[in-house]
Amino acid sequence: MPISEMLLPEFDHEMQSTRKLLECVPDGKFDYKPHEKSMSLGQLASHVAQIPEYVTSTIKLERLDLDGTQKPFEAKTRKELLDTFDAKTAAAREALAGVSDAELAKIWTLAFKGQQVFSMPRAAVLRSMCLSHLYHHRGQLGVYLRINNVAIPGMYGPSADEMHLWQSQSA
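Structural notes, computed from the coordinates. (Residues numbered from 1 in each chain as written. Predicted model: local features only at pLDDT ≥ 70, side-chain atom pairs only at ≥ 80, totals over all residues. Heavy atoms only, no water.)

### Description of the nonpolar core
The condition that has to hold: Buried residues of nine kinds, namely Ala, Val, Leu, Ile, Met, Phe, Trp, Tyr and Cys, make up a nonpolar core once their side-chain atoms join them within 4.5 Å. Buried means the residue's accessible area, taken with a 1.4 Å probe over protein chains only, is under 20% of the maximum for its type, while exposed means over 50%, and partly exposed covers the values in between. Strands here mean DSSP runs of E at least two residues long; helices mean DSSP runs of H or I at least four residues long; both are numbered from the N terminus.
Ranked by internal contacts, the top residues of the largest apolar core, which has 38 residues, are L22, V25, L96, L141 and L145. Among the secondary structure elements, those contributing two or more residues to this core are α1 (3–22), α2 (41–50), α3 (52–60), α4 (78–98) and α6 (122–147). Per-element tally for this core: the top contributor is α6, with eight residues.

So this is what it looks like as structure tokens:
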């Protein structure tokens with residue numbers, strides 16, 4: 001079985017879970033920050049919405065050279081978050097579904113201002129810098145939402161906000 005076919009079920013599940021969480025981001029709270037060094041809720045949610053683009057870049061490019069002038073996407077509304085996430089996810093899924101094992105074995109490099117940050121096989125970049133990176137920031141986003149008293153959807157089973165649904169079914 002090709003590597004892409006093994007990754008697609010995880011990709012689909014995790015993108016669906018991520019979208020459920022982004023659907024919970026309340027308009028009007030984008031400026032919230034839990035700490036002065038933290039990203040704002042809007043910045044963090046925007047970053048989460050943009051991460052699927054990293055999958056596409058990893059597959060389509062052999063090297064990404066950042067020069068420090070890139071401006072991150074920053075949504076102003078939940079609708080803009082979701083529209084961006086949906087578009088980036090569709091493009092990423094298409095790229096992932098079409099990539100060969102030979103392409104995934106090729107070395108991919110990230111550089112910043114001319115300095116190599118890392119080089120590793122594309123398959124490893126997809127797991128670490130794309131998917132694991134997404135899960136990390138999605139977890140942060142869940143904490144931001146919880147602090148703001150927003151109900152959190154379950155990712156791998158019911159969340160504390162959904163337990164009453166499961167408890168009533170077992171009674």
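Don't stop here, the text continues.
### Examining α4
Quick note on the threshold: Residue count minus one, scaled by 1.5 Å, sets the expected span of a helix. It is the directions from the helix axis to the C-beta atoms whose arc is reported. Any pair of residues with heavy atoms lying within 4.5 Å of one another is described as a contacting pair.
Here α4 is 21 residues long and its end C-alpha atoms lie 30 Å apart, about the 30 Å a rise of 1.5 Å per residue gives. Among the residues making up α4, those that are buried are L81, L82, T84, F85, T89, A92, A95 and L96. One side of α4 holds all its buried residues, which, seen down the axis, span an arc of 160°. Exposed positions of α4 whose direction lies more than 90 degrees from the buried face are K79, A87, E94 and G98. Among the structural elements, α1, α2, α3 and α6 are those in contact with the buried residues of α4.

### Details of the packing of α3 against α6
As a reminder of what qualifies: Fitted lines through C-alpha atoms serve as axes, helices being fitted only where they are in contact, and the angles separating the N-to-C directions of these axes extend from 0 to 180 degrees. Roughly parallel refers to an angle under 35 degrees, roughly antiparallel to one over 145, roughly perpendicular to one between 65 and 115, and oblique to any angle outside these ranges. Helix crossings get a hand from a simple test, with the near helix turned counterclockwise from the far one by less than a right angle marking a left-handed crossing and a clockwise turn marking a right-handed one. Following the grouping adopted for this structure description, the nonpolar residues are Ala, Val, Leu, Ile, Met, Phe, Trp, Tyr, Cys and Pro, the charged ones are Asp, Glu, Lys and Arg, and the polar ones are all others, Gly among them.
Direction vectors running N to C along α3 and α6 enclose 165°, while the axes themselves pass 9 Å from each other. One element, α3, and the other, α6, form an angle in the roughly antiparallel class. Handedness of the α3/α6 crossing: right-handed. Touching Y54, V55, T58 and I59 of α3 are R122, V125, L126, M129, C130 and H133, all from α6. Residue classes in the contact of α3 with α6 are distributed as seven nonpolar, two polar and one charged.

### Examining the pattern of salt bridges
Stated precisely, the cut-off is as follows: Whenever Lys or Arg places a side-chain nitrogen within 4 Å of a carboxyl oxygen from Asp or Glu, that contact is recorded as a salt bridge.
In total, this model carries eleven salt bridges according to the counting rule given. Between E14 and R138 there is a salt bridge whose closest N-O contact spans 2.8 Å. With E14 in helix α1 and R138 in helix α6, this pair connects stretches of sequence that are 124 residues apart. Judged by its relative accessible area of 6%, E14 is buried. In this structure, R19 engages D86 in a salt bridge whose closest nitrogen and oxygen atoms are separated by 2.7 Å. Note that R19 is positioned in helix α1 and D86 in helix α4, a separation of 67 residues in sequence. Residue D86 is classed as partly exposed on the basis of its relative accessible area of 32%. The network of salt bridges with common partners includes R19, E23 and D86.

Note that all results are geometric; they support no functional claim without further evidence.
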